[in-house]
Every structure is written in structure tokens, then in C-alpha cells.
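An overview of the molecular structure
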Amino acid sequence: MPSAGKPKHGKTSRKTSGKKSELDSALGQISDESIAATKEEFQDLLGQAKGDTSELVRQNAEELERRLVLLKKRKIDKEDFDFFVENQKRDLRVFVDSQPAQSQERAEKLTLHVLEIAAKVAIALI
């Protein structure tokens, strides 16, 4: 049942949800100001990816979030995380290339670009 006043598409607002995800909590602990803009861009793109209509884009975003939480909890190490990112990039390049020309830029931004930013954010998490 659709809620009145809520947009169907666009940015998701984590601030109004009241409950922070484990990843939002972990990212909130990053105090390095030099990564603040990167962190904001990552959170925005990850939110867009998790709400995307493509199942592959959503699954990548959810798995990426899960892996970052595991990294923060030290249940996986940076090498394991980097291996995951590189494998995802390789697989997702095929997906991006298979998209119609007008969709490729968005697909790349929500998959490959979000993985690249995640690698930078991961350094600040550990």
C-alpha cells in the first residue's frame, strides 16, 4: 500500500528512518574529515543501488554492505574484502556492458563506482 507523500524513486533518507543500519553506525565512527565527502557519496550511491530496479545491482549493494560490516567487526580482513571487490568489479563489468547505451552510465555508477568508493571507505573502517 503506497504511503502518501513518499516519492517512489529518488534518494532514500536514512535520517528520517530513526534506525541506523550497522553500516551507517560504522561509517558514523569515521572521524577523518578528508574522507567525509567520499563517505557521503558512498552512502548516497549505496542507498540508490539498494533501491534500484535491477536485482543484480541490489544484490551487489546488499553484499557490499554486509562485507563492510564484517570488515569493521574484523570477521574478514582487508585482503578478503579487496578480493571480493575485485571479483565483483570483473563480474559487473559484463553486466554494465550488456546494458543499453542510455543505461550504462547509471549502471556503472551504481556498481563499479560504488565498489571503488567502498575500497576507499574500507581503509577508514579498519
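Below is a summary of the structure that appears in this document. (Residues numbered from 1 in each chain as written. Predicted model: local features only at pLDDT ≥ 70, side-chain atom pairs only at ≥ 80, totals over all residues. Heavy atoms only, no water.)

Next up on the list: the nonpolar core. With 32 residues, the main nonpolar core has Leu23, Phe42, Leu64, Leu68, Phe81 and Val121 as its most contacted residues. Going through the elements one at a time, α1 (22–28), α2 (36–50), α3 (55–72), α4 (78–98) and α5 (101–125) are the ones with two or more residues in this core. Of the residues forming this core, the biggest block, 10 residues, is contributed by α5. Setting aside residues no more than four positions away along its own chain, Phe81 makes contact with Leu64, Arg67, Leu68, Leu71, Ile76, Ala118, Ala119 and Ala122. (Core = buried A, V, L, I, M, F, W, Y, C linked by side-chain atoms within 4.5 Å. Buried < 20%, exposed > 50% of the residue type's maximum accessible area, 1.4 Å probe, protein only. Helix = DSSP H or I, 4+ residues; strand = E, 2+ residues; numbered from the N terminus. Contact = heavy atoms within 4.5 Å.)

Any two side chains of opposite charge can pair if their charged atoms end up close together. Within the structure shown, the criterion is met by eight salt bridges. Two residues, Asp82 and Lys78, come together in a salt bridge whose shortest N-O distance is 2.6 Å. Remark: Lys78 and Asp82 occur in helix α4; sequence separation between them is four residues, near one turn of the helix. On the accessibility criterion, Asp82 (29% relative accessible area) is partly exposed. Connected through salt bridges with shared partners, the residues Glu63, Arg66 and Arg67 form a single ionic network. (Salt bridge = Lys/Arg side-chain N within 4 Å of Asp/Glu carboxyl O.)

This brings us to the packing of α3 against α5. Any two packed helices are characterised by how steeply their axes cross, that is the angle between the axes, and by the distance between the axes. In contact at an axis separation of 11 Å, α3 and α5 are set at 5° when each is read in the N-to-C sense. One element, α3, and the other, α5, form an angle in the roughly parallel class. Contacts between α3 and α5 involve Val57, Asn60, Leu64, Leu68, Leu71 and Lys72 on the former and, on the latter, Leu110, Thr111, Val114, Leu115, Ala118, Ala122 and Leu125. Within the contact of α3 with α5, the residues separate by chemical class into 10 nonpolar, two polar and one charged. (Axes fitted to C-alpha atoms, helices over the stretch in contact; angles between N-to-C directions. Parallel < 35°, antiparallel > 145°, perpendicular 65-115°, else oblique. Nonpolar A, V, L, I, M, F, W, Y, C, P; charged D, E, K, R; others polar.)

Worth remembering: the numbers are spatial, not functional.
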